[in-house]
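Remarks on the overall topology
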Amino acid sequence: MLFNSLEFAVFFPLVCALYFSLPYGSRTPLLLIASCVFYMAFIPAYILILALTILIDYFAGIYLQRTSGHKRTALMWVSVISTCAVLVVFKYFDFFADNLVGLATYFGWQVTNPSLDIVLPIGLSFHTFQSLSYVVEVYRGRQKPIDDLMTYATYVMFFPQLVAGPIERPQNLLHQFGEKHDFDYARVTSGLKRMAWGFFKKLVVADRLAIYVNDVYGSPQQSNGLQLTIATVFFAYQIYCDFSGYSDIAIGSARVLGFRLMENFKTPYYATSIPEFWRRWHISLSTWFRDYVYLPMGGSRVAKPRWYLNLIVTFGVSGLWHGANWTFVVWGILNGVYLVLSLATIRARDAVMGAIGFPAESVQRKIVQIGSTFALVCLGWVFFRAGSLGDAWYILTHFWQDWDFNNVRTEQFLLRQMPVAIGAIAVLELGQLLHARHPIPAIFSQWPLPVRWMSYATLMLSVVLFGIFRKGQFIYFQF
C-alpha cells in the first residue's frame, strides 16, 4: 500500500480510530493486523517471507539468553546467516548468477544461467536489517530478548516504517509497544502536520521533478549537456524529497499513534563536507553500517591505511545494499573514496581556504564548502540513477557539451514544469532554513489561530493543485 494512494487515505484514519477506541491490551494485535494488511497490499504471498525472518530472529533472541560461550556465538551467526540468506536469494541471486555466467562466457565456457527471475519483496532490506539489529543487540547484551512473539512481530512489521524505514533499533522502538498511548490533540496534530510536509515533498517536488529526470536518464544519449546537468541536479532534489518525504510521513503517522521514530534526515544538502553529509543523510542506515559493519572491522582504531580501507569497504557494501547492480556498488565505493580524500586532505584544504582569505566559519568558506559538497554528491548520484555504467559514463563525460537552450525537450520542460518545480524547491529550502533557526511548530504556535489554519490550508491546497497523483512509488521501495 502506497502512502500516496486513496487506499491509505481510508486505511490510516480507520486504523487510528480503532486504535484509540480499543483497550490498551488490544492495540498491539490491531497494529499487527493492520501492518499485515498494509504489506499484503503489494504481493500477499510475500508475507510468508517476512514471517520466516521474524520466527528465525525471535527464537534466536530467546535461545541467545539461554546459551553461553562458543555456542552462543554460533547461534548468533546461524541467525544472521539465515536471515541474510533470504535477502541474498531474493535480491542478489540473479545478480551474482548473471555475473558468474558473464565471467564464464568471457573465458569461453558454456554455462546455463540459473536465474530465478523472481520479484523482489517490497522493503526486504529494511525489515531484514531491523531484525538483524535485534539479534545483534541481544547478543551484545544491550537488549533483553522479548518472549512475546506478537510484540516482536509488530516491532518488525510496524506499518509506518515497514518498507522504507527509518531502520529502528530495538532499544528505541520495541518498548514503546508496551506503553499506553492516549489520544493527545497536540501530538496528533503535530503528526498530521509532519505527514502533510512529507506529502508536499513527495507529490509536489519529487514526483514533478521525476517527469524530467526519467525522460533524460531514460535515454541520456539523446540529451545535451544542459539537459543532463538539469536532470542530475533535479534528481538530487528528487531523491531527497522522495525519501525524506517518506520518512516524514512515517514519523508523522507513527507520532499520531503515539510512537517516536528516529529522525532520518537533517538537511543533508547544507553539509559543508562529505563526512558531514553522511551524518545528515539516511541516518538510520548510516548508523546501522557504522555499528554493525564499520566498527566490527576496527573502525578508526587501526593503522591509517586499514582505516581508509574500512571506510571504502563499508561504503561499497552499503552501495550493494541499495541494489543488485554495479552502478550502486560504484556509487558506494565512490562515496567511500570521497570520505577518505576528505579526511586525508582536511589540513591542506584549510590552508588553501586561509590563503585565499576565507577564514574558518566565514560565510564565504561555508558557501564554497556547501557548493563543492553538493557538486560531489551530484556526481555520485549519476551512478545511483543511471541504468548502467555505460550510461553513467556517458553522462559524466557529456555534462559540458552542447548547452543548447533552444532544444525542444528543454524548452517544453522550462515552459510547462520549471516554474512549479523551482517554486516548490524554493518553498522547501525556505521551510528548511526557517526550521534550522527556529522550529517551525514553535513559530506557528505564536501566530493567531486564523493565520495558522490559513497556512495549513495553503500547504494542503498546494499539494492538491500541484501534486502529481499517479501513484508514483517511492524510490526506496525497491531496496
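What counts, and at which threshold
Residues numbered from 1 in each chain as written. Predicted model: local features only at pLDDT ≥ 70, side-chain atom pairs only at ≥ 80, totals over all residues. Heavy atoms only, no water. Helix = DSSP H or I, 4+ residues; strand = E, 2+ residues; numbered from the N terminus. Buried < 20%, exposed > 50% of the residue type's maximum accessible area, 1.4 Å probe, protein only. Lys, Arg positive; Asp, Glu negative; His and termini not counted. Salt bridge = Lys/Arg side-chain N within 4 Å of Asp/Glu carboxyl O. Contact = heavy atoms within 4.5 Å. Axes fitted to C-alpha atoms, helices over the stretch in contact; angles between N-to-C directions. Parallel < 35°, antiparallel > 145°, perpendicular 65-115°, else oblique. Left-handed = near helix turned anticlockwise from the far one by under 90°. Nonpolar A, V, L, I, M, F, W, Y, C, P; charged D, E, K, R; others polar. Core = buried A, V, L, I, M, F, W, Y, C linked by side-chain atoms within 4.5 Å. Phe/Tyr/Trp six-rings, centres within 6.5 Å; stacked < 30°, edge-to-face > 60°.

Relative to the helices and strands, Arg187 is located in helix H8 (residues 185-218). Although Arg187 lies buried, it forms no salt bridge, and the closest oppositely charged side chain, Asp184, sits 5.0 Å away as judged by the N-O distance. In this structure, Arg187 is in contact with Phe20, Asp182, Arg255, Val256, Leu257 and Gly258, ignoring residues within four places of it in sequence.

Another aspect to go through is the packing of helix H11 (residues 283-294) against helix H12 (residues 304-322). How two helices pack is summed up by the angle between their axes together with the distance between the axes. Two elements in contact, H11 and H12, have axes whose closest approach is 11 Å; the angle formed by their N-to-C orientations is 125°. Comparing the axis directions of H11 and H12 gives the class oblique. Every pair of crossing elements has a handedness; the one defined by H11 and H12 is right-handed. Of H12, the residues touching H11 (which contributes Leu285, Phe289, Val293 and Tyr294) are Trp307, Asn310, Leu311, Thr314, Val317, Ser318, Trp321 and His322. Residues that form the contact of H11 with H12 fall into these classes: 8 nonpolar, 4 polar and no charged.

Quick look at the nonpolar core now. In terms of nonpolar packing, the biggest core is built from 127 residues, with Phe159, Tyr269 and Trp381 touching the most fellow members. In terms of residue count, the dominant contributor to this core is helix H9 (residues 225-257) (19 residues).

A few words now on the packing of aromatic side chains. Summed over all chains, the structure comprises 57 aromatic pairs. Between Phe277 and Trp281 the ring centres are 5.6 Å apart and the planes differ by 20°, which places this aromatic pair in the stacked class. Note on accessibility: Phe277 and Trp281 belong to one class, buried. Taken together, a centroid distance of 5.1 Å and an interplanar angle of 85° make the contact between Phe328 and Phe384 edge-to-face. Residue Phe328 is found in helix H13 (residues 326-344), and its partner Phe384 is found in helix H15 (residues 363-385); the two are separated by 56 residues along the sequence. When its relative accessible area of 10% is taken as the criterion, Phe328 is described as buried.

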